[in-house]
Structure formats: structure tokens, C-alpha cells
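Take a look at the letters that make up each chain.
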Amino acid sequence: MTHAEFVLHIRQTHARLFDPNTSEETWSLFLTTNTGWNGLIEEYLRRVEVFLSKHGLLSKVYIRQIEEKWGGLRCYLSPTNDFRLSAEAAAALGGIYYDIADRSYHTCDVCGETGRLMSNNGRYLTRCNDHIADRGSQWTVASQDGGFEHIRCERGG
């Protein structure tokens, strides 16, 4: 599924999660991730929709943006102007978000396979070995124990 097809799919499938007054210009900026995280995004939307529906919060809280930042998935929610989330609801929605965001650091944003967080000159990505950008460059990779290792990515041929 292409990026544009996925945006259309989530707009239709999860329409209750989005402000009905969202402009087309805003929609063009709504989702700025590669397609490898589509599964994580779909799971996030499904879980948020179930939670909001179960607690009578649909149309009181909207998803505003989903993006990649610092190599991880970011999902932004905000209540409508006249509504304030309870601390319990905010914590529950935060738990859903952190579960998905944490998994994004282990999922290649290009293909969805197992990946790892990498940095190169301040640019952070979560990629599998097959999708490391700028092959031929040096990348710093976060290791399981919280340390870092350096890898040299040779050009494929």
C-alpha cells in the first residue's frame, strides 16, 4: 500500500478519530512516516479508537499528527477546545502510545521488519540492515545494553 493509499485508508477506517473540520492541506501534513510503520500506526489507531469509544470520548479527543522524529514514531492527540481529559484517561492513552512508540525503535520504518535505532551526523533512523540509508557511511547503532557500536555500511552491489 502506498503512503497516499494508507492515509486514505486510515481516514476512512478510523474517521471518528479525526477532526471532521481538518483541511486537505492539513491532511497532507498529517502522516509523515515511511510505510514500514503502517502496522504500528494501524494498531495504535485501533487501540485508541476502542479506548475512546469504551469511555465515551469519541469526538472529544482527536488525533492531530503522526510523524517520525529522532528515529521513533510520534503520535499527537489533543482534546477539543471545551474538553479536558481526566488524568486516568490521559495515562491510559499514554500507555497505548508508549507501547507503540517503544516498538517503533525496533521496527524498520521502510519495510516493517526488525530494525534498530541508528544515527549518522545527528540524523536518527530505525532501520534493518537492508535499509540503512547512505550506504558507505559510518553509523552509530544503539545496542541492547544501552551502549553504542559503530558500523560501516558498504555499498550493495
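Parameters at a glance
Along each chain, numbering runs from 1 in the same order as the chain's sequence is written. Given that this is a predicted model, residues contribute local features only at a pLDDT of at least 70 and side-chain atom pairs are listed and counted only at 80 or more, while totals for whole chains, interfaces and linings are drawn from all residues. The side-chain figures draw on all heavy atoms in the structure; neither hydrogens nor water molecules are used. Just to be clear on terms, a salt bridge is a Lys or Arg side-chain nitrogen sitting within 4 Å of an Asp or Glu carboxyl oxygen. Each helix is a run of H or I in the DSSP string that is no shorter than four residues. Each strand is a run of E no shorter than two, and both are numbered from the N terminus. With a 1.4 Å probe rolled over the protein chains alone, any residue whose accessible area is under 20% of its type maximum counts as buried; one over 50% counts as exposed, and the rest are partly exposed.

What to know about the pattern of salt bridges
Counted under the stated rule, the structure contains eight salt bridges. When the shortest N-O distance is used, the salt bridge between Glu43 and Arg103 registers 2.8 Å. One end of the pair, Glu43, is in helix H3 (residues 38–54); the other, Arg103, is in helix H4 (residues 87–104), and 60 residues separate them in sequence. Judged by its relative accessible area of 32%, Arg103 is partly exposed. A salt bridge links Arg103 to Asp99, with the shortest nitrogen-to-oxygen separation between them at 3.2 Å. With Arg103 and Asp99 both in helix H4 and four residues apart, the pair spans about one turn of that helix. Looking at Asp99, the relative accessible area reads 29%, which means it is partly exposed.

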